[in-house]
Amino acid sequence: MKFDVMTLFPEMIESYCSYSILKRAADSGIISVNTINPRDFTEDKHKKVDDTPYGGGAGMVLMAQPYVDAYESIEREQNSITVMLSPQGEPLNDKLVNDLAKYDQIVMMCGHYEGFDERIRDIIKPKEISIGDFVLTGGELPALCLIDAVSRKIEGTLGKIESADEDSFSNGLLEYPHYTKPREYRGLKVPEVLLNGNHKEIAAFRLQQSKERTRLKRPDLYEKYENM
Ligand code: 4H7
């Protein structure tokens with residue numbers, strides 16, 4: 001999987017991707033993360049990427065020319081999708097993440113200030129995706145969420161130990177509680193069943209815990225699970 005991120009702040013993307021599991025995946029060639037800075041495509045000596053809005057109002061609008069030229073400089077694979085991270089997008093969830101993981105390349109567009117000149121959308125026609133109903137100062141965090149969530153769906157990214165773990169949503173339920181040493185901490189004991197080595201009993205306990213906490217914390221998910 002190739003991720004190409006259009007951003008005015010490439011270090012934000014590079015930094016997050018240079019740690020832990022994403023770093024390991026990039027080093028082993030399973031993913032590659034590349035940034036493209038629209039500022040490098042400006043045509044004036046001040047490298048201006050934004051300007052005041054026609055019609056008036058506060059803030060600045062990202063200009064079409066640097067973004068469209070930056071976009072057109074990106075080499076496109078055959079099986080590629082272009083995504084704009086925006087509060088107006090389709091909500092990101094596990095199903096959408098799985099769908100995105102089927103592509104060979106995801107080109108991402110990160111906005112700032114008041115957002116994009118509408119002609120950027122008219123010309124590029126990206127799929128708009130939102131990570132939730134709240135506003136951020138820029139699209140980089142949502143782009144990183146997408147890179148992270150998609151990467152861990154790709155064969156070979158997670159190690160054996162991480163993959164064996166049944167994560168939330170893979171079965172439609174939230175994760176069961178986890179414990180590690182010591183057996184007792186501030187008077188709180190690890191549930192006895194986890195210490196007895198009976199794997200059938202442990203699996204049953206964990207499933208029951210998963211169901212119970214999903215029912216309490218996310219009744220909307222629990223209803224979907226029950227009707228599966
Ligand atoms: C595109 C258009 C995504 C991107 C406008 C991006 C939330 C999400 C952005 C804007 C994002 C999300 C720029 C509009 C900053 C608001 C103050 C970047 N925010 N912004 N303005 N929910 N912001 O996924």
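A few points on the structure. (Residues numbered from 1 in each chain as written. Predicted model: local features only at pLDDT ≥ 70, side-chain atom pairs only at ≥ 80, totals over all residues. Heavy atoms only, no water.)

### Some details on the layout of surface pockets
Over the atoms rolls a probe the size of a water molecule, and its path tells where empty space is left. Cut-off, in case you're wondering: A pocket here means an open set of points on a 1 Å grid, computed over the protein atoms alone, that has protein on both sides within 12 Å along at least five of seven lines. A cavity is instead a set of points where a 1.4 Å probe fits but cannot get out; residues with an atom within 4 Å of a point line either one. Grid points are joined across faces, edges and corners, and a volume is the space filled by probe spheres set on the points. Segments assigned H or I by DSSP are reported as helices when at least four residues long, segments assigned E as strands when at least two residues long, and all are numbered from the N terminus.
Roughly 520 Å³ of volume is contained in the largest pocket. Elements with a minimum of two residues in the lining of the largest pocket: helix H4 (94–100) and helix H9 (219–226). As a volume, the second largest pocket reaches approximately 370 Å³. The wall of the second largest pocket is formed by 22 residues, among which Leu85, Ser86, Pro87, Gly115 and Leu136 lie closest to the centre.

### Things to note about a nonpolar patch on the surface
Defined as follows: Without a salt bridge and with relative accessible area above 30%, a residue can belong to a patch; like charges are then joined within 9 Å and nonpolar side chains (Val, Leu, Ile, Met, Phe, Trp, Tyr) within 5 Å. All accessible-area figures derive from a Shrake-Rupley calculation using a 1.4 Å probe, and residue coverage is judged against the displayed protein chains alone. Any carboxyl oxygen of Asp or Glu within 4 Å of a side-chain nitrogen of Lys or Arg constitutes a salt bridge here.
A grouping of Phe134, Leu136 and Leu141 is seen on the molecular surface, where their side chains present a nonpolar patch of about 280 Å² in accessible area. Tracing the sequence through the fold places Leu136 in the loop between strand S7 (127–130) and helix H6 (140–151).

### Some thoughts on the sheet that holds S7
Using the following cut-off: Should DSSP find at least two bridges between two strands, the strands are regarded as paired. Every axis corresponds to a line fitted to the C-alpha atoms, with the helix fit spanning only the stretch in contact, and the corresponding angles, defined between N-to-C directions, vary from 0 to 180 degrees.
The parallel open sheet is built from five strands, whose spatial order is S2-S1-S6-S5-S7. The open sheet has two edge strands, strand S2 (32–36) and S7, and neither has a second partner. Across the sheet, the mean angle separating the axes of adjacent strands is 30° when strand polarity is ignored. Alignment of strand S1 (residues 2–6) against strand S6 (residues 105–110), held across five bridges, turns out to be parallel.

### With respect to the packing of aromatic side chains
Test applied: A pair of aromatic rings is counted whenever rings of Phe, Tyr or Trp (Trp by its six-membered ring) have centres within 6.5 Å, and the orientation is called stacked for planes under 30 degrees apart, edge-to-face for over 60 and tilted otherwise. Relative accessibility decides the category of a residue: with a 1.4 Å probe and only protein chains considered, values under 20% of the type maximum give buried, values over 50% give exposed, and everything between is partly exposed.
Applying the stated criterion to the full structure yields two aromatic pairs. Plain terms: the ring middles of Tyr67 and Phe116 are 5.3 Å apart, the flat faces sit at 90° to each other, and that makes the pair edge-to-face. You can see Tyr67 sitting in helix H3 (residues 64–72) and its partner Phe116 sitting in the loop between S6 and helix H5 (118–124), a full 49 residues away along the chain. The buried category is assigned to Tyr67, whose relative accessible area is 0%. A relative accessible area of 9% places Phe116 in the buried class.

### With respect to the pairing of S1
Summarising burial for S1: four of the five residues are buried, a large majority. Summarising the sheet, S1 and S2 pair through five bridges and their orientation is parallel. By the bridge assignment for S2, Val5 is matched with Thr35.

### Examining the nonpolar core
Side chains that are nonpolar tend, in soluble globular proteins, to be buried together. Under the convention used in this document: We define a nonpolar core as any set of buried Ala, Val, Leu, Ile, Met, Phe, Trp, Tyr and Cys residues linked to one another through side-chain atoms lying within 4.5 Å. Should any heavy atoms of two residues lie within 4.5 Å, those residues are counted as being in contact.
Val83, Leu100, Ile106, Met108, Leu146, Ile147 and Val150 are the most contacted members of the largest nonpolar core, which has 24 residues in total. The set of elements that each furnish at least two residues to this core consists of S1, helix H2 (20–27), strand S5 (80–91), H4, S6 and H6. Looking at this core element by element, the count peaks at five residues for H6. Not counting residues within four places of it along the chain, the set of residues in contact with Leu100 comprises Met1, Ile81, Val83, Leu92, Ile106, Ile129, Leu146 and Val150.

### Considerations on the site of the ligand
Counted only if it meets this: Neighbouring residues are identified by heavy atoms, a residue being near a molecule or strand if any of them is within 4 Å of it. N or O atoms within 3.5 Å of each other form a polar contact, as long as, within protein, one can give a hydrogen and the other can take it, and as long as residues adjacent in sequence are counted only when both atoms are side-chain atoms. When residue character is reported, Ala, Val, Leu, Ile, Met, Phe, Trp, Tyr, Cys and Pro are called nonpolar, Asp, Glu, Lys and Arg charged, and the others, Gly included, polar.
Neighbouring the ligand are 19 residues; Tyr113, Ile131, Gly132, Phe134 and Leu136 lie closest to it. In this structure, Ser130 approaches the ligand through a side-chain N or O atom, which is 3.3 Å from a nitrogen atom. In the environment of the ligand, a nitrogen atom lies 2.9 Å from a nitrogen or oxygen atom belonging to the backbone of Gly132. In the complex, 88% of the free accessible area of the ligand, which totals 520 Å², lies under the protein chains. The element contributing the most residues to the shell around the ligand is S5, with three residues. Across the shell around the ligand, the residue classes tally to nine nonpolar, nine polar and one charged.

### Topic: the side chain of Asn37
Mapped onto the elements, Asn37 comes out in the loop between S2 and strand S3 (50–51). The buried category is assigned to Asn37, whose relative accessible area is 15%. At a separation of 2.9 Å, a polar atom in the side chain of Asn37 contacts the main-chain amide nitrogen of Arg39.

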